[in-house]
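Single-letter residue listing:
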Amino acid sequence: MSMTQPIRNTEQLKLLKSYYLSEKHNPRNYMLIILGLNTALRISDILNLTYGDVFDYQRKEWKSHIVVNEQKTGKQNRIYMNKEVKSVFQKYTDPAACTPAAWIFTSQKQKGGHLSRYQAYRIVKDAGAFAGLDDSISCHSLRKTFGYHAWKQGTAPALLMSIFNHSAYQITKRYLCIEQDDKDEVFAKIKI
């Protein structure tokens, strides 16, 4: 079994993101992938999101941050809702038609329940297959992809450690999945 990898190739990333828009239209699945790529949340935390977590019902507006108590760590995390996340919520959801306690990612099989982790895995695997990604893609790839591309765009690993709520730098280092071509790029660009 191979280790979950981030999606490094930007063309494959575009294909993954477009699958549930252009090939197999499904707004819920598209939102799941966009949220995973843009929030760095674990899939268990994404699946537990309710409309009250992202929409302020008193002010009738989208919140600026998603605040979650992470299932795995028990730590609180505050995630900024960037333009892409707000855009998919605005386009594909209607919080006024839901209660604050309603799941964002509802199950089609389990009435009143949220999407299962296994179904989320299948959603990501199907989009990954369309994008030509191998067996090392999973829901966790979305989280790692966020970290990898943030790092490539200049975000300091210490800041990523804080975003991921990791207790040790070694964990964040593993998440970045730094390979030889990443190291070669540093050597090629350095000017001393």
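The text that follows walks through the structure, step by step, so that each part is easy to find.

### Things to note about the overall build of the chain
Phase 1: When you go through the chain residue by residue, the secondary structure sums to ten helices and four strands.
Phase 2: Along the chain, helices (α) and strands (β) appear in the sequence α-α-α-α-β-β-β-β-α-α-α-α-α-α when read from the amino end.
Phase 3: Over its C-alpha trace the chain gives a radius of gyration of 17 Å, about what one expects of a compact globule, namely 16 Å for 192 residues.
Phase 4: Expressed as lengths along the three principal axes of its C-alpha atoms, the size of the chain is roughly 60 × 35 × 30 Å.
Phase 5: Within the span of the chain, comprising 192 residues, buried residues form 44% of the whole.
Phase 6: Here the analysis covers contacts within the chain between residues at least 6 apart in sequence; of these, 63% occur between residues at least 24 apart.
Phase 7: The averaged location of the 17 negative side-chain charges in the chain is 4 Å from the averaged location of its 28 positive side-chain charges.

### As for the layout of surface pockets
Phase 1: In this model, the largest pocket occupies a volume close to 340 Å³.
Phase 2: Lining the largest pocket are 15 residues, with Leu37, Asn38, Phe146, His149 and Gln153 positioned closest to its centre.
Phase 3: Ranked by residue count, the leading element in the lining of the largest pocket is helix H7 (residues 139-152), at four residues.
Phase 4: Taken together, the residues of the lining of the largest pocket sort by class into seven nonpolar, six polar and two charged.
Phase 5: What lines the second largest pocket is a set of 15 residues, and nearest its centre among them are Arg28, Gln108, Leu115, Gln119 and Ile123.

### What to know about the pairing of strand E3 (residues 65-69)
Phase 1: Burial along E3 is one-sided: the residues Ile66 and Val68 are buried and none of His65, Val67 and Asn69 is.
Phase 2: In this structure, E3 lies alongside strand E4 (residues 76-80), joined through five bridges in antiparallel fashion. Each bridged residue has a counterpart across the sheet, and for Asn69 the counterpart in E4 is Gln76.
Phase 3: The loop that links E3 with its antiparallel partner E4 comprises six residues; one of these, Gly74, has a positive phi angle of about 75 degrees.

### Notes on H7
Phase 1: An ideal rise of 1.5 Å per residue puts 20 Å on 14 residues; H7 measures up with 21 Å between its terminal C-alpha atoms.
Phase 2: Burial analysis of H7 places eleven of its 14 residues in the buried class, the great majority of the element.
Phase 3: Taken residue by residue, H7 has Cys139, Ser141, Leu142, Arg143, Lys144, Thr145, Phe146, Gly147, Tyr148, His149 and Ala150 as its buried positions.
Phase 4: One or two positions beyond H7, positive phi appears at Gly154, with a value near 105 degrees.

### Considerations on the packing of aromatic side chains
Phase 1: Across all of its chains, the model carries ten aromatic pairs by this definition.
Phase 2: Note on Phe55 and Trp62: the rings are 5.1 Å apart at their centroids and 75 degrees apart in plane angle, and the pair reads as edge-to-face.
Phase 3: With centroids separated by 6.4 Å and ring planes inclined at 80 degrees, the aromatic side chains of Phe146 and Phe164 adopt a geometry described as edge-to-face. Of the two residues, Phe146 is situated in helix H7 and Phe164 in helix H8 (residues 157-164); the sequence distance between them amounts to 18 residues. Just as Phe146 is buried, Phe164 falls in that class too.
Phase 4: A network of ring pairs unites the aromatic residues Phe55, Tyr57, Trp62 and Phe89 as a single cluster.
Phase 5: Positioned above the aromatic ring of Tyr175 is the side chain of Lys144, whose terminal nitrogen or guanidinium carbon lies 5.5 Å from the ring centre.

Scoring rules and cut-offs
Residues numbered from 1 in each chain as written. Predicted model: local features only at pLDDT ≥ 70, side-chain atom pairs only at ≥ 80, totals over all residues. Heavy atoms only, no water. Helix = DSSP H or I, 4+ residues; strand = E, 2+ residues; numbered from the N terminus. Rg over C-alpha atoms; globule rule 2.2 N^0.38 Å. Buried < 20%, exposed > 50% of the residue type's maximum accessible area, 1.4 Å probe, protein only. Contact = heavy atoms within 4.5 Å. Lys, Arg positive; Asp, Glu negative; His and termini not counted. Charge placed at Lys NZ, Arg CZ, Asp CG, Glu CD. 1 Å grid on protein atoms, 1.4 Å probe; cavity = no way out; pocket = protein on both sides within 12 Å on 5 of 7 lines; lining within 4 Å. Points joined across faces, edges and corners; volume = space filled by probe spheres on them. Nonpolar A, V, L, I, M, F, W, Y, C, P; charged D, E, K, R; others polar. Pairing = 2+ DSSP bridges. Expected span 1.5 Å × (residues − 1). Phe/Tyr/Trp six-rings, centres within 6.5 Å; stacked < 30°, edge-to-face > 60°. Lys NZ or Arg CZ within 6 Å of the ring centre and 35° of its normal.

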